[in-house]
Amino acid sequence: QVQLAESGGGSVQPGASLRLSCVISGRNFFGNYATAWFRQAPGKEREFVSVISWAGGNIQYEDSVKGRFTISRDNARNTVSLQMNSLKPEDTATYYCAADYGGKGSRIDSDYEYWGQGTQVTVSS
């Protein structure tokens, strides 16, 4: 089994920054996972935010976060991070980390086998 644990969410004002982290662990975790961040706002469908392949060669962002969010990973620590700068009220959502074994970096949530519980990000003045 593989477990994902997100942290780093919080309540901030517009323009502020947050750094989300996702730690991946488990007895069956041997690496080679593409890892993505998705988010879901109240009353809306879950949407893709960003993805990074295992080796880091494929990185993608949803258009509204390009230039503001940066995804990175430290495979030695089994951690994927999402640095979020210049936060806007429309970034308010629960953010989920997801892992796709053998994946190259998909934007489709159904491609991901393992999910964390989510961390809340609220951007409000």
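Refer to the structure presented above.
Residues numbered from 1 in each chain as written. Predicted model: local features only at pLDDT ≥ 70, side-chain atom pairs only at ≥ 80, totals over all residues. Heavy atoms only, no water.

Enquirer: Where do I start with the sheet that holds strand 7 (residues 69–74) in this structure?
Expert: Strands pair in a sheet through their backbones, by hydrogen bonds, and they do so in one of two ways: parallel or antiparallel. The 4 strands are arranged 1-3-8-7 in an open sheet whose pairing can be described as antiparallel. Of all the strands in the sheet, the pair left with one neighbour each is strand 1 (3–7) and strand 7. Neighbour-to-neighbour, the strand axes of this sheet turn through a mean angle of 15 degrees, independent of strand direction. Where strand 7 meets strand 8 (residues 79–84), 6 bridges bridge the pair, whose relative direction is antiparallel. (Pairing = 2+ DSSP bridges. Helix = DSSP H or I, 4+ residues; strand = E, 2+ residues; numbered from the N terminus. Axes fitted to C-alpha atoms, helices over the stretch in contact; angles between N-to-C directions.)

Enquirer: Mind showing me how you'd approach the side chain of Ser50 here?
Expert: With respect to the secondary-structure elements, Ser50 resides in strand 5 (residues 47–52). Judged by its relative accessible area of 0%, Ser50 falls in the buried class. Non-local contacts of Ser50, meaning those with residues more than four positions away in its chain, are made with Thr35, Ala36, Trp37, Gln60, Tyr61, Ile71 and Leu82. (Buried < 20%, exposed > 50% of the residue type's maximum accessible area, 1.4 Å probe, protein only. Contact = heavy atoms within 4.5 Å.)

Enquirer: Would you take a moment to explain the environment of Ser81 for this structure?
Expert: Checked against the element boundaries, Ser81 lands in strand 8. Between the C-alpha atom of Ser81 and that of Cys22, which follows or precedes it by 59 residues, the distance is 6.2 Å. Leaving out residues up to four positions away in the same chain, Ser81 has contacts with Arg19, Leu20, Ser21, Trp37, Thr70, Ile71 and Ser72.

Enquirer: Would you explain the state of the cysteines in this entry?
Expert: One way to say it: the disulfide is the covalent bond shared by the sulfur atoms of two cysteines. Going through the model one piece at a time under the given rule, you end up with 1 disulfide. Residue pairing for Cys22: its cysteine sulfur links by disulfide to Cys97, the two sulfurs lying 2.0 Å apart. On the sign convention where negative means left-handed, the S-S torsion of about -75 degrees between Cys22 and Cys97 marks this disulfide as left-handed. Here Cys22, found in strand 3 (residues 18–25), pairs with Cys97, found in strand 9 (residues 93–101); they are 75 residues apart in sequence, far enough to count as distant. (Disulfide = S-S within 2.5 Å.)

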